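A look at the structure
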Amino acid sequence: MWCNRGSVEKIQKRYPDPRFREWIDTIADYIYNKQYRLRDRTIARQRPQPQSLWADDLYMCIPFLAQMGSLTGDKKYYEDAVRQVVQLSARLFDQQTGLYDHGWNVNSAADDPQFYWGRANGWCIMAMAELLSVLPENFEGRDKVLALYRRHAQALVHLQDGTGLWHNLLDQPRSYLETSASAIFVYSIAKGVNEGWLSHIYGSAALAGWNALATKVTESGEVCDIVEGTTLAHDNVYYFNRGKSCTTNFHGTVMRAGSEIIRLLNNPRFVIESPVPNSTIHVKLRADIQSK
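Being a predicted model, the structure only gives us computed values, none of them experimental.

Right, let's get into the packing of helix α7 (residues 179-195) against helix α8 (residues 203-214). Between α7 and α8, whose axes approach to 9 Å, the crossing angle comes to 145°. In the packing of α7 onto α8, the handedness of the crossing is left-handed. Across the interface between the two elements, Thr 179, Ser 182, Ala 183, Val 186, Ile 189, Ala 190 and Val 193 from α7 touch Gly 203, Ala 206, Gly 209, Trp 210 and Leu 213 from α8. Residues belonging to the contact of α7 with α8 are distributed by class as follows: 8 nonpolar, 4 polar and no charged.

Pasting the structure below:
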């Protein structure tokens, strides 16, 4: 699965370099023309079961496709990015819970057992945030992406632990609190508030999450309680027993969360009331306060 999450395209737009562009075009050709897909063009893998869909893959390809559309102006990349969100979600997203199943395969189909792994859900909401950031306002299918993003964010805020973090299995409070997913959720929710995709009332959940994340960063810059790499599985025993450690692998997600929190704190549309003991953080619209 080719993946660079669109970073090189962002660099190419700011600092054009023919060497980067050649690499970008190679990746784009692979994703668009050569990556294994189902008959309906949904991006898929042939592991661990034939014709498997992974929630992770929303992030592994959609941000690249979105940034390719922004870089080239070719709407086929936007169309493919929207297609992937809609079609992967059709099989992986549970409207009742508002969460993404880690994976699906053709052998289990409608009988597929569902496991709501935290980081996979993080990849999903961040992929949608990245797409919404560049997708033209009137582009066909944007409304569907936005609706999925909002429903997902609603469910995630509901499941946020009292510490401010989220569990490795989102709906299983007996599973440990996990930092990488929590960082991605903080980033994606804060960005939604800043961009106006989400109501400002979501800001308090993002800020509470950031306060919890800050406790997981060591003086040496490592980030603690990161779950190890996790394959698509079909039993709780596997997910419950994945190891966790301190690592630098996910410092980027924490930094992105922090950058979006800084935007939120400095957003001129909002007034953020500092909490008093045994109270909450209130994010209010400045216009509402000024109109009183």
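A few words now on helix α1 (residues 7-14). Taken together, the buried positions of α1 are occupied by Val 8, Glu 9 and Gln 12. Buried residues in α1, looked at end-on, bunch into an arc of 100°, giving them a common side. Looking at the packing, one finds that the buried side of α1 touches α2 (18-34) and α3 (57-72).

With that settled, consider the packing of aromatic side chains. Enumeration according to the criterion identifies 9 aromatic pairs in this entry. Arranged with centres 4.7 Å apart and planes meeting at 50°, the rings of Phe 93 and Tyr 100 form a pair that is tilted. Take Phe 93 and Tyr 100: they sit in the same class, and that class is buried. Where Trp 166 meets Phe 185, the ring centres are 5.1 Å apart and the plane angle is 70°; that geometry is what we call edge-to-face.

This part is about the state of the cysteines. Applying the stated criterion to the full structure yields 1 disulfide. Each disulfide pairs two cysteine sulfurs, and for Cys 224 the partner residue is Cys 246, the sulfurs being separated by 1.9 Å. Residues Cys 224 and Cys 246 share a disulfide whose torsion about the S-S bond is about 95°; that sign makes it right-handed. In this pair, Cys 224 is assigned in strand β7 (residues 223-227) and Cys 246 in strand β8 (residues 244-247), connecting sequence segments 22 residues apart. Since its relative accessible area comes to 15%, Cys 224 is described here as buried. Overall, Cys 246 belongs to the partly exposed group, its relative accessible area being 37%. The thiol sulfur of Cys 124 is not disulfide-bonded, and the nearest other cysteine sulfur, from Cys 61, lies at 13 Å.

As for its position among the elements, Glu 130 is in helix α5 (residues 118-134). Each C-alpha atom, one on Glu 130 and one on Gln 96, is 24 Å from the other, the two residues being 34 residues apart in sequence. Setting aside anything within four residues of it in sequence, one finds Glu 130 in contact with Lys 10, Tyr 59, Pro 63, Tyr 187 and Arg 256. Here the side chain of Glu 130 touches Arg 256 through a polar contact of 2.6 Å, side chain to side chain.

Moving on: unusual backbone geometry. Residue Pro 48 is reached from Arg 47 by a cis peptide bond, and omega for that bond is -5°. Within the secondary structure, Pro 48 sits in the loop between α2 and β1 (52-54). Even without glycine at this site, Arg 41 takes up a positive phi of about 80°. On the secondary structure map, Arg 41 appears in the loop between α2 and β1. Residue classification places Arg 41 among the partly exposed residues on the basis of a relative accessible area of 30%. One non-glycine residue, Asp 225, adopts positive backbone phi at about 65°.

Attention now moves to the environment of Trp 166. Within the secondary structure layout, Trp 166 lies in strand β5 (residues 166-167). For Trp 166, a relative accessible area of 0% translates into the label buried. Sequence separation between Trp 166 and Leu 156 is 10 residues, and the spatial gap between their C-alpha atoms is 8.4 Å. The contact partners of Trp 166, leaving out residues within four places of it in the chain, are Leu 156, Leu 159, Gln 160, Tyr 176, Leu 177, Glu 178, Ser 182, Phe 185, Val 186 and Ile 189. Of the polar contacts made by the side chain of Trp 166, one reaches the backbone oxygen of Leu 156; its length is 2.7 Å.

Thresholds applied
Residues numbered from 1 in each chain as written. Predicted model: local features only at pLDDT ≥ 70, side-chain atom pairs only at ≥ 80, totals over all residues. Heavy atoms only, no water. Axes fitted to C-alpha atoms, helices over the stretch in contact; angles between N-to-C directions. Helix = DSSP H or I, 4+ residues; strand = E, 2+ residues; numbered from the N terminus. Left-handed = near helix turned anticlockwise from the far one by under 90°. Contact = heavy atoms within 4.5 Å. Nonpolar A, V, L, I, M, F, W, Y, C, P; charged D, E, K, R; others polar. Buried < 20%, exposed > 50% of the residue type's maximum accessible area, 1.4 Å probe, protein only. Arc of directions from axis to C-beta. Phe/Tyr/Trp six-rings, centres within 6.5 Å; stacked < 30°, edge-to-face > 60°. Disulfide = S-S within 2.5 Å. Polar contact = N/O pair within 3.5 Å; in protein donor to acceptor, adjacent residues only side chain to side chain.

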